[in-house]
Amino acid sequence: MSKAWKLIKVMVKMQLSMAGKSTSEKVGYLFLALVLIPFGLMILYSLNGLIGALYEPLASTGNENVILGLFFVLMVFIFLFVSIGSVLSSFYFAEDVESFIALPFQPYQIVIGKSAIPFLSLYGINTLILLPTLVFYGIHSSAGMLYYLFAALLWLLTPIVPFVLVSIFIMFLMRFANLSKNKDRTKILVGLLGFGFAIGINILVRLDSGDANANMTQLLTEQNGLLELATKFFPTAYFSSIALTQPGTVTGVLYLLLIIALSVASIIVFLTSGQKIYFKGVLGLTGGKRSTFKEEDVKKDTKQRSVLYSLWLKELRIIFRTPTFFTQIVVQSLFFPVFLIIIILMDNGSVSSYGGMIDQFEGKSLILAMFGFTVLALGINPASISSISRDGKSWFSHLYLPVPAKTVLLSKILAAYALNLLSLILIAAAALWIIQVPILLFIAWFFLSLVTSWVTSIIGLLIDLYQPKLNWTDEREVFKGRFIGLFAIAIEAVVFGSVILVLWNIGLNGLWTISSILFAILILITTACHLILNRLIARKYYTIY
């Protein structure tokens, strides 16, 4: 295990070391730490209020343990979802993966080292949500020291089983997937795994909750009835909740021992699977597919196109064919609208009522609310905030090509805009055919959203152009440890939030009056963004390093 420990230290230092980072990046970390202080206090206050509000009513029926059950279920769901992307990137798609094969390490040792950073991210989430939840529950239930001892152990053990399940599934998938012949296709399909998982869990839980509503009275009278309902598909959440609510009993101790045994067994299975099949999946990445040339394909590929179109097509191909970019940009962009549509469709009996609710509000309130929702949904454009950084060390090739800087950057804006447009089309389809928004309101909102999406695409590119990250060895570094998304949403919140606030409080009314003013303001903002872009091109484009 000494070799595995050395690998852990090396890989953690490679990912988290501040050596070589620019001053602006270090200032960014400091700024994030300062921002996280009030954000963390807000989370603590909200969790304490939520647990306090739920505890008394549930305690009166003997079902207070459902609070712990729900939070454990939430953490399992988050861990499963987060682990999919982190395991794929760390185990298979990092640039240093193949270099470890030639070193004198066993496969299970490399798997342990590769698990370090994903595990740290899971424990960060665990500390932010589950740890204060356990403490606040103990305070409200007047728990003793034995509860806090059990809580500390369960805090350490909770991420293990979800992470191991995802890791083993991905290792088996990568072992038997024919990567050498369909590498790009397989990577894209695997990248969609987390997307489908989150949607599937949501559908499963909502379908099951519909059947349980009829038996709610019976569940309230049964011991642990609500807990069994809440944790039906997550047995580890049930075991953990019983262990914490009955820490001084034989039952509580047995459930704690069961969780410990499951965690130890899962680790053994994880290391065994890594030893047996990890290298086989990694070696599949190094294969190739024999190329066959067809005259028609050659003519199509060599057909003369405009420079802008060729650059735009290249940007989209890079995004769709690079697994990390695909999951971080395409999947994340589509997750919100698809998840929203699923929630609306699964909300039995209330879809038809949305149209009636809309009729109760005036046009001014509706268009401003929908405009604000668009800014929230499309504000963080992952394609735009990584426009320059995605190129990495190959960015400098742009400086030697006879292509104007404006053309290069315009192609990147168009790529980000096209991906944002996919999300916008899905939201528009839901608004028009599911919620049944009035057609005039829909037309006004859709045209405003088109311009808003263009503005958010430019803002993201401006921030990335000002401070890109080109010296990366793993595509995850383009998104990890950077706070560019927060800066983008902060700027958009100040700009668009001020516009909404002013228009909400002025005396003007009417759908088309407010829409016209909004459209004019957006045109002015777009013009200002293009002027700033021109100045930034002159100052930064040829001096990026």
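The rules behind the values
- Residues numbered from 1 in each chain as written.
- Predicted model: local features only at pLDDT ≥ 70, side-chain atom pairs only at ≥ 80, totals over all residues.
- Heavy atoms only, no water.
- Helix = DSSP H or I, 4+ residues; strand = E, 2+ residues; numbered from the N terminus.
- Buried < 20%, exposed > 50% of the residue type's maximum accessible area, 1.4 Å probe, protein only.
- Polar contact = N/O pair within 3.5 Å; in protein donor to acceptor, adjacent residues only side chain to side chain.
- Contact = heavy atoms within 4.5 Å.
- Core = buried A, V, L, I, M, F, W, Y, C linked by side-chain atoms within 4.5 Å.
- Phe/Tyr/Trp six-rings, centres within 6.5 Å; stacked < 30°, edge-to-face > 60°.
- Lys NZ or Arg CZ within 6 Å of the ring centre and 35° of its normal.
- Salt bridge = Lys/Arg side-chain N within 4 Å of Asp/Glu carboxyl O.
- Expected span 1.5 Å × (residues − 1).
- Axes fitted to C-alpha atoms, helices over the stretch in contact; angles between N-to-C directions.
- Left-handed = near helix turned anticlockwise from the far one by under 90°.
- pLDDT = per-residue confidence, 0-100.

**Focus on the side chain of S457**
- Its location among the elements puts S457 in helix α20 (residues 439-466).
- With relative accessibility at 1%, the residue S457 sits in the buried group.
- In terms of polar contacts, S457 uses its side chain to reach the backbone carbonyl oxygen of S453, at 2.8 Å.
- If we skip the residues at most four places from it in the chain, S457 touches N381, S384, I413, A416, Y417 and N420.

**Regarding the nonpolar core**
- If you look at the biggest cluster of nonpolar residues, it comprises 63 residues, and the most contacted ones within it are F91, Y92, L134, L244, F270 and Y278.
- For this core, the element with the most residues is helix α3 (residues 65-93), which contributes 16 residues.
- Counting residues in each nonpolar core, the second largest holds 62 residues, with I385, W395, I427 and I463 among its members.

**Points about the packing of aromatic side chains**
- Here the structure, examined in full by the defined rule, presents 22 aromatic pairs.
- Considering the side-chain rings of F320 and F326, the 5.9 Å spacing of their centres and the 55° angle between planes classify their relative orientation as tilted.
- An aromatic cluster is defined as three or more aromatic residues linked by ring pairs; in this entry it consists of F119, Y123, W155, F163 and F270.
- One residue, K540, lies across the ring of Y466, its end atom 5.3 Å from the ring centre.

**Brief notes about the pattern of salt bridges**
- Under the criterion given, the structure shown has three salt bridges.
- For K412, the salt bridge is made with E315, and the minimal N-O distance between the two is 2.7 Å. Residue K412 is found in helix α19 (residues 405-434), and its partner E315 is found in helix α15 (residues 307-321); the two are separated by 97 residues along the sequence. Each member of the pair K412 and E315 is classed as buried.
- Of the charged contacts in the structure, one is a salt bridge between K412 and D391, with a shortest N-O distance of 2.9 Å. Remark: D391 occurs in the loop between α18 (363-378) and α19 and K412 occurs in helix α19; sequence separation between them is 21 residues.
- Put simply, E315, R390, D391 and K412 are held in one network by salt bridges that share partners.

**Quick notes on helix α21 (residues 484-505)**
- Helix length check: α21, at 22 residues, gives a terminal C-alpha distance of 31 Å against a target of 32 Å (1.5 Å per residue), a fit within 8%.
- Looking at α21, one finds that the buried residues are I484, G485, A488, E492, F496, V499, I500 and L503.
- Its buried side turned inward, α21 meets α18, α20 and α22 (511-540).

**Section: α19**
- With 30 residues, α19 should cover 44 Å at 1.5 Å per step; its first-to-last C-alpha distance of 43 Å lies within 8% of that length.
- Just beyond α19, the residue with positive phi is Q436, at close to 65°.

**Some remarks on the packing of α18 against α20**
- Where α18 meets α20, the axes come as close as 10 Å, and the angle between the chain directions of the two elements is 35°. You can see that α18 and α20 cross each other, and the crossing is right-handed. Taking contact as the criterion, the partners of L366, I367, M370, F371, T374, V375 and L378 in α18 are, on α20, L441, A444, W445, L448, S449, T452, S453 and T456.

**Some points on the confidence of the model for the protein**
- A residue-level look at the protein finds 80% of positions with pLDDT of 70 or above and a mean pLDDT of 80.
- When mean pLDDT is taken per element in the protein, helix α6 (residues 145-157) scores highest with 93 and helix α10 (residues 216-221) scores lowest with 47.
- Under a pLDDT of 50 for its full length, residues 216-221 has, in the predicted model, 10 contacts with residues more than four places off or in other chains.

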